[in-house]
Amino acid sequence: MPDPNGFLRYDRRLPARRPVPVRISDWREVYPPAGEELIREQATRCMDCGIPFCHDGCPLGNRIPDWNDLVRTGNWDAAVESLHATNNFPEFTGRLCPAPCEAACVLGIGGGQPVTIKQVEVEIADAAVARGGLRPRPVPAPTGRSVAVVGSGPAGLAAAQQLARAGHAVTVYERDDAIGGLLRYGIPDFKLEKEHIDRRLAQLSAEGVRFRTGVDVGVDVTAEQLRAEHDAVLLACGALQGRDTPETPGRQLRGVHQAMTHLVAANRVVAAAGDGRPALAVLPDGTPIDAAGKHVVIIGGGDTAADCLGVAHRQGAAGVHQLDLYPEPPETRDAERDPWPTWPWVLRNYPAHEEGGERVFAVAVQEFVDDGTGQVKGVRIAEVSVEKRDGRRIVTPLPGSERELPADLVLLAIGFEGTEQQPLLEQFGVRCNARGAVDARPDWQTDAEGVFVAGDMHRGASLIVWAIAEGRAAAAAIHAYLGGVGELPAPVDPARQPLAAR
């Protein structure tokens with residue numbers, strides 16, 4: 001049984017981040033390893049609740065109290081097995097997920113401090129590597145059936161691993177030059193160093209998964225060809241269509257870009273440096289998109305905006321403003337607005353925020369200001385109020401509140417509008433819904449027979465735990481569709497939604 005007094009004896013503690021002056025001089029991860037003593041102490045705080053609401057917070061169904069207690073008692077090998085039973089890539093989720101499981105922890109009731117579930121998870125995942133590596137699981141006798149997975153983000157890779165372990169021949173198609181989707185070029189190394197991806201890819205390869213990079217399905221390979229070569233197809237292409245603001249005056253100016261183009265360019269520079277190759281942060285057409293020496297304005301208040309902020313610091317920006325349309329959130333949960341155990345609206349300070357820059361809340365851009373040559377030189381902003389009427393967001397500028405911020409580089413991090421329009425959709429006969437996502441029937445099939453969908457392409461831009469959960473569930477549906485023996489775990493169904501108050 002767990003230690004009934006653990007949460008009374010120990011306060012919530014996280015490992016100290018690397019010092020700011022040190023970490024902004026490189027691209028290494030912000031957090032150093034926590035150390036076994038700290039992690040065992042934090043795992044001891046878990047009460048192993050009779051009804052563990054952390055299970056409801058996480059769509060993967062992670063056995064959180066089980067592996068917390070295994071860490072508490074020092075049984076690391078069993079903790080690794082328990083964690084991998086429900087999560088293909090805990091080293092990714094432990095670094096990238098905002099941890100809705102922690103928001104649902106019973107210790108968080110009444111403003112208490114939840115268990116550091118995410119940190120325990122990543123330490124178990126790292127222990128798996130340290131204690132023998134990510135050993136491939138023996139592949140059973142081949143089924144003779146073949147599956148194409150289009151897209152190599154967490155949903156596609158999770159499905160590929162599940163199907164390969166069931167004996168199916170799996171080929172993952174990726175249009176980029178390297179496997180990983182947003183994990184590879186969308187997430188900065190200070191959050192996820194790419195050696196973690198490479199280790200998993202080596203494991204998947206050893207389990208029989210084939211990877212084909214530089215293949216744009218619908219262009220380089222047609223849907224008809226894919227159907228001819230495979231018995232089923234899984235679409236896991238993500239939701240990369242960035243939300244824009246074309247109606248804002250000056251949007252066409254040079255220096256105003258989608259946030260993801262900046263992140264991808266920066267990640268490519270870091271990847272090239274790791275391979276010993278010189279590279280510059282540029283757009284596909286060769287246009288520079290480096291923040292060095294520039295005044296940067298980031299529009300948006302979420303994860304992508306914080307990633308841009310950290311990148312700008314490391315590139316040597318002269319100054320950074322991060323703009324948020326909404327007022328500054330409270331420090332603690334508002335129980336009337338977001339009752340426990342739902343995900344609360346609170347102020348979230350990312351490591352990038354302690355590295356510099358200024359956050360400005362309750363403002364909206366009125367104009368991108370031209371320097372007279374077609375290059376942005378500033379943004380004109382105004383304080384605003386935001387309210388919802390009949391399901392619509394109404395933004396009202398406050399008269400007399402306008403001011404201008406210097407800006408040589410503006411990054412739009414205001415969300416995503418769904419999956420990109422691409423030839424493969426038409427070729428497969430698949431349509432996007434009003435949210436820009438692809439609907440799935442209860443068996444994860446699209447309107448096209450034998451063509452399945454999972455991850456952000458189905459759900460819209462969401463959390464990595466949802467992508468892996470959907471990948472696992474879609475793999476189970478494909479396995480059944482192919483007449484596979486037994487059942488694979490399916491943690492969610494296509495209609496499942498995050499925990500929310502009614």
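Residues numbered from 1 in each chain as written. Predicted model: local features only at pLDDT ≥ 70, side-chain atom pairs only at ≥ 80, totals over all residues. Heavy atoms only, no water.

Enquirer: Report on the packing of aromatic side chains, specifying residues and quantitative values.
Expert: To describe a pair of aromatic rings, you give the distance between the ring centres and the angle between the ring planes. Under the counting rule described, the total for this entry stands at 4 aromatic pairs. Residues F89 and F92 carry aromatic rings whose centres are separated by 5.3 Å and whose planes lie at 35 degrees to one another, so their mutual orientation is tilted. We classify F89 as buried; its relative accessible area is 1%. By relative accessible area, which is 0% here, F92 ends up buried. The ring of Y185 has R268 lying over it, and the distance from NZ or CZ to the ring centre is 4.1 Å. Positioned above the aromatic ring of W466, the side-chain terminus of R459 is 3.8 Å from the ring centre. (Phe/Tyr/Trp six-rings, centres within 6.5 Å; stacked < 30°, edge-to-face > 60°. Buried < 20%, exposed > 50% of the residue type's maximum accessible area, 1.4 Å probe, protein only. Lys NZ or Arg CZ within 6 Å of the ring centre and 35° of its normal.)

Enquirer: A description of the environment of D77 should follow, citing residues and the corresponding values.
Expert: Structurally, the position occupied by D77 is in helix α6 (residues 76-84). A relative accessible area of 47% places D77 in the partly exposed class. (Helix = DSSP H or I, 4+ residues; strand = E, 2+ residues; numbered from the N terminus.)

Enquirer: Give a description of the pairing of strand β13 (residues 409-412) that names residues and reports values.
Expert: On β13, burial covers both faces: L409 and L411 on one face and V410 and L412 on the other are all buried. Where strand β5 (residues 256-258) lies against β13, 3 bridges are found, and the strand directions are parallel. If you follow V256 over to β13, its bridge partner there is V410. (Pairing = 2+ DSSP bridges.)

Enquirer: Now, about the environment of Y481: what can you tell me, with residues and values included?
Expert: The residue Y481 is located in helix α18 (residues 464-481) in this model. What makes Y481 partly exposed here is its relative accessible area of 33%. Once the C-alpha coordinates of Y481 and D443 are considered, the two residues, 38 residues apart in sequence, prove to be 8.8 Å apart.

Enquirer: Tell me about the packing of helix α3 (residues 36-44) against helix α5 (residues 64-72), and please be specific about residues and values.
Expert: Where α3 meets α5, the closest approach of the two axes is 8 Å, and the angle between their N-to-C directions is 135 degrees. Put simply, α3 runs oblique to α5. Two packed elements cross with a definite hand, and for α3 against α5 that hand is left-handed. Packed against α3, whose contacting residues are I39, R40, A43 and T44, the element α5 presents N68, V71 and R72 at the interface. Across the contact of α3 with α5, the residue classes break down as 3 nonpolar, 2 polar and 2 charged. (Axes fitted to C-alpha atoms, helices over the stretch in contact; angles between N-to-C directions. Parallel < 35°, antiparallel > 145°, perpendicular 65-115°, else oblique. Left-handed = near helix turned anticlockwise from the far one by under 90°. Contact = heavy atoms within 4.5 Å. Nonpolar A, V, L, I, M, F, W, Y, C, P; charged D, E, K, R; others polar.)

Enquirer: So, the pattern of salt bridges: which residues are in play, and what are the values?
Expert: For the coordinates displayed, the defined rule picks out 31 salt bridges. When the shortest N-O distance is used, the salt bridge between R175 and E420 registers 2.4 Å. Residue R175 is found in the loop between β2 (169-174) and α11 (182-185), and its partner E420 is found in the loop between β13 and α16 (423-428); the two are separated by 245 residues along the sequence. One salt bridge connects D189 with K194, and the closest N-O pair in it is separated by 2.9 Å. Per residue, the accessibility class of D189 equals that of K194, and both read buried. Bridged by salt links that share partners, the residues R17, R23, R314, E354 and E355 form one connected network. (Salt bridge = Lys/Arg side-chain N within 4 Å of Asp/Glu carboxyl O.)

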